[in-house]
Each structure stands twice: as structure tokens, then as C-alpha cells.
Amino acid sequence: MNDTYKILIVDDEFEIREGLNSFYWERFQFQAIGLAANGKQALDLMQRNDVDVVITDIKMPVMDGIELSREISIHYPHVKIVILSGYKEFSYARDALQAGVSEYLLKPVDLKNLSESMMKLKLQMDAERQSSQKLQSYANQLANSLPAARDHFFQSLVEAPLPEYHEAKEKMSLLEIEMNASYYCCAAVKLETKEQQDGNAPDSTMMNKAHTILERHLDAGQCHSYALRKKAGELIVFLNLNGTSVPPRRSLSLLFEQIIVSIEHETGCRSIIGLGDVYQSLLSFPDSYKQARSVMERNIFLERGGLFLWDSAEGQLLERKDYPYPHETKLLDAVLEGNLDSSLLHFQQFWNSCGLDAEQAEHAHVHRYLMPLFTMLERRLDLHGASFESIASLSMPFIEFVEQFQTLSQLKTALDRLISDITLHIKKLNDVVQTTSHSAVHQVKKYIEEHCSEKITLNQMAELVYLNPSYFSIQFKKETGINFIDYLKNCRMEKAKELLRRIDLKVYEIGEIVGYQDRKYFATTFKSYTKLTPLEYRQSFITY
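Everything numeric in this text was worked out from a predicted model, so none of it was measured. (Residues numbered from 1 in each chain as written. Predicted model: local features only at pLDDT ≥ 70, side-chain atom pairs only at ≥ 80, totals over all residues. Heavy atoms only, no water.)

(A) Highlighting the layout of surface pockets. Each pocket or cavity is described by its volume, and for the second largest pocket that value is around 1400 Å³. Taken together, 47 residues line the second largest pocket, and the ones lying closest to its centre are Glu 178, Met 179, Asn 180, His 224 and Thr 524. Contributions of two or more residues to the lining of the second largest pocket are made by α6 (165–174), α7 (204–220), β7 (224–229), β8 (234–241), α18 (484–500) and α20 (519–530). Ranked by the residues each element gives to the lining of the second largest pocket, the list is headed by α20, at seven residues. (1 Å grid on protein atoms, 1.4 Å probe; cavity = no way out; pocket = protein on both sides within 12 Å on 5 of 7 lines; lining within 4 Å. Points joined across faces, edges and corners; volume = space filled by probe spheres on them. Helix = DSSP H or I, 4+ residues; strand = E, 2+ residues; numbered from the N terminus.)

(B) The sheet that holds strand β1 (residues 5–10), seen in detail. Taken in spatial order, the five strands make up an open sheet running β2-β1-β3-β4-β5, and their pairing is parallel. The two strands at the open ends of the sheet, each matched to only one other strand, are β2 (30–36) and β5 (103–106). Neighbour-to-neighbour, the strand axes of this sheet turn through a mean angle of 20 degrees, independent of strand direction. In this sheet, strand β4 (residues 80–85) lies alongside strand β3 (residues 53–57) in parallel orientation, the contact comprising five bridges. Looking at β4, one finds that Ile 55 is bridged to Val 82. Taken strand by strand, helix α1 (residues 14–21) contacts β1, β2, β3 and β4, and its axis lies near 165 degrees from that of β2. This element, helix α2 (residues 39–48), spans β1, β2 and β3 of the sheet and lies at about 155 degrees to β1. (Pairing = 2+ DSSP bridges. Axes fitted to C-alpha atoms, helices over the stretch in contact; angles between N-to-C directions. Contact = heavy atoms within 4.5 Å.)

(C) Just the pairing of β7, in detail. Direction of pairing for β7 relative to β8: antiparallel, over a ladder of six bridges. The partner of Tyr 226 across the bridge, within β8, is Phe 238. As consecutive antiparallel partners, β7 and β8 are separated by four residues, and within that stretch Gly 233 has a phi angle of approximately 80 degrees, a positive value.

(D) Local environment of the pattern of salt bridges. A full pass over the atoms with the stated rule returns 17 salt bridges. Residue Arg 293 pairs with Glu 234 through a salt bridge whose shortest N-O separation is 2.7 Å. Here the residue Arg 293 occupies a position in helix α9 (residues 285–301), and Glu 234 occupies one in strand β8, the gap between them amounting to 59 residues. By relative accessible area, which is 17% here, Arg 293 ends up buried. A relative accessible area of 5% means that Glu 234 is categorised as buried. Close ionic contact of Arg 249 with Asp 277 constitutes a salt bridge, the shortest N to O distance being 3.5 Å. In this pair, Arg 249 sits in helix α8 (residues 248–267) while Asp 277 sits in the loop between β9 (270–275) and α9, placing the two residues 28 residues apart along the sequence. (Salt bridge = Lys/Arg side-chain N within 4 Å of Asp/Glu carboxyl O. Buried < 20%, exposed > 50% of the residue type's maximum accessible area, 1.4 Å probe, protein only.)

(E) How the structure looks around the packing of helix α10 (residues 325–337) against helix α11 (residues 340–353). Contact geometry for α10 and α11: axes closest at 8 Å, N-to-C directions at 160 degrees. In terms of orientation, α10 and α11 fall into the roughly antiparallel class. Note on packing geometry: the crossing formed by α10 with α11 is left-handed. Contacts between α10 and α11 involve His 327, Glu 328, Lys 330, Leu 331, Ala 334 and Val 335 from the first element and Ser 342, Ser 343, His 346, Phe 347, Gln 349, Phe 350 and Ser 353 from the second. When the residues that make up the contact of α10 with α11 are grouped by side-chain class, the tally is five nonpolar, six polar and two charged. (Parallel < 35°, antiparallel > 145°, perpendicular 65-115°, else oblique. Left-handed = near helix turned anticlockwise from the far one by under 90°. Nonpolar A, V, L, I, M, F, W, Y, C, P; charged D, E, K, R; others polar.)

(F) Region of interest: empty space enclosed by the protein. Scanning all chains against the criterion turns up one cavity of 30 Å³ or more. Together, Glu 170, Ser 173, Leu 174, Lys 455, Ile 456, Phe 484, Ile 485, Leu 488 and Arg 492 line the largest cavity. If you list the elements that add at least two residues to the lining of the largest cavity, you get α6 and α18. Counting residues per element, the lining of the largest cavity draws most heavily on α18, which supplies four residues.

(G) Quick peek at the nonpolar core. In this structure, Leu 370, Phe 374 and Leu 415 are the most contacted members of the largest nonpolar core, which totals 58 residues. The element that contributes the greatest number of residues to this core is helix α12 (residues 363–383), accounting for nine residues. If we skip the residues at most four places from it in the chain, Phe 374 touches Phe 388, Phe 398, Leu 415, Leu 418 and Ile 419. Of all hydrophobic cores here, the second largest spans 25 residues; its members include Met 207, Cys 223, Cys 269 and Ile 273. (Core = buried A, V, L, I, M, F, W, Y, C linked by side-chain atoms within 4.5 Å.)

(H) Looking closely at the environment of Ser 115. Structurally, Ser 115 is set in helix α5 (residues 111–159). If we ignore the near neighbours within four places in the chain, the residues touching Ser 115 are Phe 23, Tyr 24 and Phe 28.

(I) Geometry of the environment of Tyr 76. For Tyr 76, the location among the structural elements is in the loop between α3 (65–75) and β4. Taking the relative accessible area as the measure of exposure, Tyr 76 reaches 6% and is therefore buried. Distance in space between the C-alpha atoms of Tyr 76 and Leu 505 is 8.2 Å, their sequence separation being 429 residues.

(J) Representation of the sheet that holds β8 within the structure. Pairing in this open sheet of five strands is mixed, and the strands run β7-β8-β6-β9-β10 from one edge to the other. Edge positions in the sheet fall to β7 and β10 (306–309), since each has one partner strand and no second. Mean inter-strand twist for the sheet, computed between neighbouring axes without regard to direction, equals 20 degrees. Here α7 sits on the sheet and contacts β6 (183–192), β7 and β8; the angle it forms with β8, its principal contact strand, is near 10 degrees.

Dropping the structure here:
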């Protein structure tokens, strides 16, 4: 490698400083860029200059070499330290090595020993730099692929079969998508130019401008969003916001009224925007999108611009309106944990929240809620190494099981029995591997600590410890108190806090080190975790 490494020389004796400064550093691809008489001067110089190696004496006024080495190890850990000292006592060498020193040479310095030490140091730094460049190249490739991967995720969310809740959350974590607020909604946006009657749709420049306007207003309104391009002139906007004194749908309406005005003013395009209902689960995005697109298309046909809200009184567009995803998730977790009491409790809550406790409920109403629930349960059982057929001799389609009962009370009794049988069977499976779960969780926690900069998935970790993903997820939460995704995030945030106490790394570099390629996502996640931005947190620790 041809890069030159920069050296700072620190010694309280003028002759030694100048003598070292005149050494033929260029032969080893080093360059002396500064001289200091003590550790305090050295730190001041390091704040203003890039330094790769510090060569320092031990005994100096104001701040000695050992204290300087400790400060460098904390704030500039990439910098290599070479100690030059006339003190032969072991305690000095021991303290120096504990302070992160790379080389320890005795005065008077033998030029041959110095040359050998610097060549050894250069080879080590070359290897580290090459490794860092490879990692950066990989990070850049990953960052470049994120937009396309996010598009695919949101496309599948409204078109493919719905994922299980934990699966969707894990994908969002891997893709660095920030949507952890309380309310979820979709908007369908159509842009039309004044010349559109001649067949001219908005070009890519117009669409980029409109996209920027959307992001600007939604960010200002503290609404997390993601816009997905559809066919010419159309966007799907996925929205996520917290509740305030203003109801969420009203808050979104006010934001989009401003967006419509800004788009027309800045691009000359007319906007037709449909806004779906607001839900409390990200798995309701398909419902909200269908509503938004329906009302948007209707008003394109009527040749009207503006904002149009889905009115549920106009008709039942959806198969699953107000589907109780939170109760579904709790029920599935309880079943796969083998907890019988919790399983029956959460199934009762699911049943009640769907309005299935009324005997007059029609078959279509029953199917609308039970089919998705048991389809998702079948998927979870499959991940757990089980199935309805192996546990209860029950074959799909599940609708045939439902329709054999004459009343809802008979169906409810049969479903309680089915859920009990499944839960008890799963408990037996869990008990077989219970003894290995503690060490497995400990092994995964250690792996996360050592590899937090990498993309880590629950499936990878389950495979690492030879457990099926569903069971591992449950045992991990039981032992740590939080789910796998949140534990991984917390580890990364604690590592980021540690790195931010140093001043040699930029904030975006720290984000990449702890596994985040998207700078905005890292900053948002960090603030959510600490209540401070990364820069605010760093400033609270800088002491000089």
C-alpha cells in the first residue's frame, strides 16, 4: 500500500524531539507532522490533525506518557502508540501495555530496533486498513441495495400473503425501516400535469420533486413515512404516527392538505390523494391501502383533484376490517410457549374482539376472522416442527372443520379443545429441549455482542444453537425479558453510546460500526433509545 501514515512525536527534551523528527521516516512510508513537549500539547494537536502513530516519552510534565496513552486509547483507539523510555522497571512496561501501547522501546534508542519496530507497525496498520476498506466496500454495497429491498418489502406487504407480526418486525429492522409509532395508514397519490389530457404523465423529475415535498411535510409533522413508486404518476405512501391531542386521521388530513398545495405550487401538478382508515397494527397496511386506492381511483374517474378520505359507511371493501392483530400475536406466542392458561385467555380475547360471541354472527363473519388466525397458527406450528395434522389429525382447509358445527357455542367449545391440545403438545416438545435453552440464549447473547455490526436474524441465531426459530424466539424472550429484535437493538445502542464517548469517529461511522447503514435511521433509533441525538450525547461527554 502506498498511503503515508502520520506520526506525532512527544518528548519534553528538545534534542530528542528534533532528533526523532529528523529520522528517515519516509523510508517506511511515515511522515512526522507535529512535535509536542507533553501529553496535554499532544492531545491539543490531535484535535486539529489526523494522526496514525504517537511516539512518546513516559516521564513528562503536565501529562506523562502513560496518562496520554490512556486518553488516546479512549478517544483515539485507532492510533498506535510507541513508548520510548529510559525506565527499565517492569511496572512502567506493564502500565504502558495496559494503556494500549503497541511498542515499548528503551532509550537510548537503537536505530535498528526503531526501524524494525516501525516496519512491524506499518505491516500491521496496512493489514488493518485493508480490512477496513473491505468492510467499507461491503457496507457501501449493502447501503446501495437497501432502497430496492425496502421497495420489495412494502410491495409484498400490500400484495403478497401477510407475514406473521414478528417476521414483519424483523424484516423492518434488517431494512432499517423506522415504523414503531402507534397508528398506521396508507395514502394513494396520483399526480397529473396540465397536459395529461394529451397523454403526458409526470416525468421522473416531477415525481422526485413531489416525493421530496411529501417527505418534507411528513417529517415536519413527525410522521414516519415510506413512499413506494407504482406506475407512472402514482405513489403509495405508508404512514406511521403517534397520537396527539389531534386525532390521527385529522392530523394526517391537515398534513396532506398542505402537501397538495405545495405540490401544485412547486411542480404545477394536480394531486388526487386517497387516504385509508387509520389502524393500530402495521399488518393493517393492506386494508388501508385498498381503501386509499379505491377512493383515489373513484375521484380520478370523476376528474376531481384534492384529498379524499375513505368512508367505511360507503361499503365493506375489505375482508378483514379491524382485525385484532395484537390479540392474534399474543395468542400465537402463548400457544408456541406451551402456556395453556394464557392460550385460552388470549383466544377468548380474540374471539370477543371479533364480535364472535353473538350467536347471530353469519358464516362469512366467522370465516373472515378465523381463517387468517388458523392459517397463521399453521405457519407457526410448521416453524416449530409440528402441524394440525400431526397434533389433532386435522387436515386443511380449515373451513371444513368450522362448517361442521351448527352453533357458535359448539364451534367455540371445539376450538378451545383444539387450542388446548395444540398447546399441551407444544409444551411437551418444548420440555424436551428445555435443558439446552439457557446455554443457547447465553451463546446468542455473546454472539450479538461480538458481531453487532453485522446483519443478524433470528433464523440465523436459531440455526447457530440448533433450535427451531419459533421455540428459540420464545425462550429468548423468557430469559431476557424482551424479544430478540429489541435485544439486538439495545446492544447496538449501548455500543453506540460507548463509541460516541470517543472523538475520533464521525457519527455516521459509528452508525455503520453498530450495524446501521442509513444515517437518518440510526439517529432516529438512537434518540428514541436515549432521548438525545447522537451529537447531543457526544457533547455531554467531551471534557476538553
